[in-house]
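Here are the chains, one letter per residue:
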Amino acid sequence: EDKVVQSPLSLVVHEGDTVTLNCSYEVTNFRSLLWYKQEKKAPTFLFMLTSSGIEKKSGRLSSILDKKELFSILNITATQTGDSAVYLCAVPTSGTYKYIFGTGTRLKVLA
Amino acid sequence: DVKVTQSSRYLVKRTGEKVFLECVQDMDHENMFWYRQDPGLGLRLIYFSYDVKMKEKGDIPEGYSVSREKKERFSLILESASTNQTSMYLCASSLINTDTQYFGPGTRLTVL
């Protein structure tokens, strides 16, 4: 059965800390993995990863995929209170555009 | 910018009522999706549509139906609302042959 597991479930850090969020997956015919950020509203797209070892970067956020070990990490450096959110990982299922979502990691950044 | 809008941010209904949730996207996307999001369960797919008048069941279609009469609009219908349908409902859309979905702001539905 296809599945996506995120860890940790929640995390509390102080501003300036660096955090690493994990997403592991088991999906038949894997083709991509996506990261979203959800504050008190719609999930907003962060990254889509398709190739192993190629880092995607946007400001203080970066992400990388390991297709051999079947996981991805999302790094946030120099965290700010505005990074407080739920971070979701999603993987499309084989042959469709349906996602399997992880349950998310809730990040709280304290001032 | 892709814009996905949903008809209501908050909705309160009574058990047994028929409920319509509407979603509109302005980017000519072929695919549209309805999810519900519950604490501890994450986002679960209810229905999706890849073309006008086409629909496919997701993981939890029971108690729901959908309608897509125009490309930009995808409606979720609760024929007879029940308390266990109290949830956050999210609509999303994507271009055909792409994996990136764009989400609407969500409708928080409470069924009393």
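The following paragraphs examine the structure supplied in this document. (Residues numbered from 1 in each chain as written. Chains lettered and ligands numbered in written order. Predicted model: local features only at pLDDT ≥ 70, side-chain atom pairs only at ≥ 80, totals over all residues. Heavy atoms only, no water.)

**Overview of the overall build of chain A**
Selection criterion: By definition, any uninterrupted DSSP run of H or I lasting at least four residues is a helix, any uninterrupted run of E lasting at least two residues is a strand, and each is numbered from the N terminus. For every residue, the accessible area (1.4 Å probe, protein chains only) is compared with the maximum for its type, and the residue is labelled buried under 20%, exposed over 50%, or partly exposed between those bounds. Contact criterion: two residues are considered in contact whenever any of their non-hydrogen atoms come within 4.5 Å of each other. To measure how exposed things are, a 1.4 Å probe is used in the Shrake-Rupley method; for residues, cover is taken only from the protein chains shown. Residues counted as positive are Lys and Arg, residues counted as negative are Asp and Glu, and His and the chain ends are not counted. Throughout, a charge is located at the NZ atom of Lys, the CZ atom of Arg, the CG atom of Asp or the CD atom of Glu.
Assigned secondary structure in chain A consists of zero helices and 11 strands. In sequence order, the secondary structure elements of chain A are arranged as β-β-β-β-β-β-β-β-β-β-β. Considering only C-alpha atoms, chain A reaches an extent of 45 × 25 × 20 Å along its principal axes. Within the span of chain A, comprising 111 residues, buried residues form 44% of the whole. Restricting the contact set of chain A to residue pairs at least 6 apart, pairs at least 24 apart contribute 54%. Accessible area of chain A: about 5500 Å², with a carbon and sulfur share of 51%. The centroid of the 13 positive side-chain charges in chain A is displaced by 6 Å from the centroid of its 10 negative side-chain charges.

**As for the sheet that holds strand β3 (residues 19–25) of chain B**
All names here are of chain B. Quick note on the threshold: Pairing between two strands is assigned when DSSP locates at least 2 bridges connecting them. Every axis corresponds to a line fitted to the C-alpha atoms, with the helix fit spanning only the stretch in contact, and the corresponding angles, defined between N-to-C directions, vary from 0 to 180 degrees.
What the four strands build is an open sheet, ordered β1-β3-β8-β7; its pairing is antiparallel. Looking at strand neighbours, the two that pair on one side only are β1 (4–6) and β7 (65–70), the edges of this open sheet. Direction aside, the axes of adjacent strands within the sheet are offset by 20 degrees on average. As defined by bridge partners, β1 adjoins β3 across three bridges and the pair is classed as antiparallel. Counterpart to V4 in the pairing with β3 is Q25.

**What about the pairing of strand β3 (residues 19–26) of chain A?**
Across a regular strand the side chains alternate sides, sitting on one face of the sheet and then on the other. Residue and element names in this part refer to chain A. Residues V19, L21, C23 and Y25 point to one face of β3 and are all buried, whereas T20, N22, S24 and E26, pointing to the other face, are not buried. Relative to β3, strand β1 (residues 3–7) is paired through five bridges, and the arrangement is antiparallel. Across the sheet, V5 pairs through a bridge with S24, a residue of β3.

**Remarks on the side chain of S93 of chain B**
Residues and elements named next belong to chain B. In plain terms, the rule: What qualifies as a polar contact is a pair of N or O atoms within 3.5 Å, subject to a donor-acceptor requirement within protein and to the restriction that residues adjacent in sequence count only when both atoms come from side chains.
With respect to the helices and strands, S93 occurs in strand β9 (residues 87–94). Of note is the side chain of S93, whose polar atom sits 2.8 Å from the side chain of H29. In this structure, S93 is in contact with V4, Q25, H29, N31, M32, F33, T100, Q101 and Y102, ignoring residues within four places of it in sequence.

**Observations regarding the pairing of strand β9 (residues 85–92) of chain A**
Residue and element names in this part refer to chain A. A large share of β9 lies buried, amounting to eight of its eight residues. Alternating residues of β9 divide into A85, Y87, C89 and V91 and V86, L88, A90 and P92, and every residue in both groups is buried. Across three bridges, β9 lies against strand β11 (residues 105–110) in antiparallel orientation. Following the sheet pairing, V86 is matched in β11 by R106. Where β9 meets strand β10 (residues 99–101), three bridges bridge the pair, whose relative direction is antiparallel. Residue pairing for β10: V91 is matched across the bridge by I100.

**Quick look at the state of the cysteines**
For clarity, the cut-off: Two cysteine sulfur atoms form a disulfide, by the criterion used here, when they sit within 2.5 Å.
Applying the stated criterion across every chain yields a total of two disulfides over all chains. Disulfide pairing is shown between C23 of chain A and C89 of chain A; the S-S distance is 1.9 Å. Taking the sign of the S-S torsion, -65 degrees for the link of C23 of chain A and C89 of chain A, the bridge is left-handed. You can see C23 of chain A sitting in strand β3 and its partner C89 of chain A sitting in strand β9, a full 66 residues away along the chain. For the pair C23 of chain A and C89 of chain A, one class covers both residues: buried. One disulfide in the model links C23 of chain B with C91 of chain B; its S-S distance is 1.8 Å. Across the S-S bond linking C23 of chain B and C91 of chain B, the dihedral sits near -75 degrees, which makes this disulfide left-handed.

Geometric values such as these leave the question of function open.
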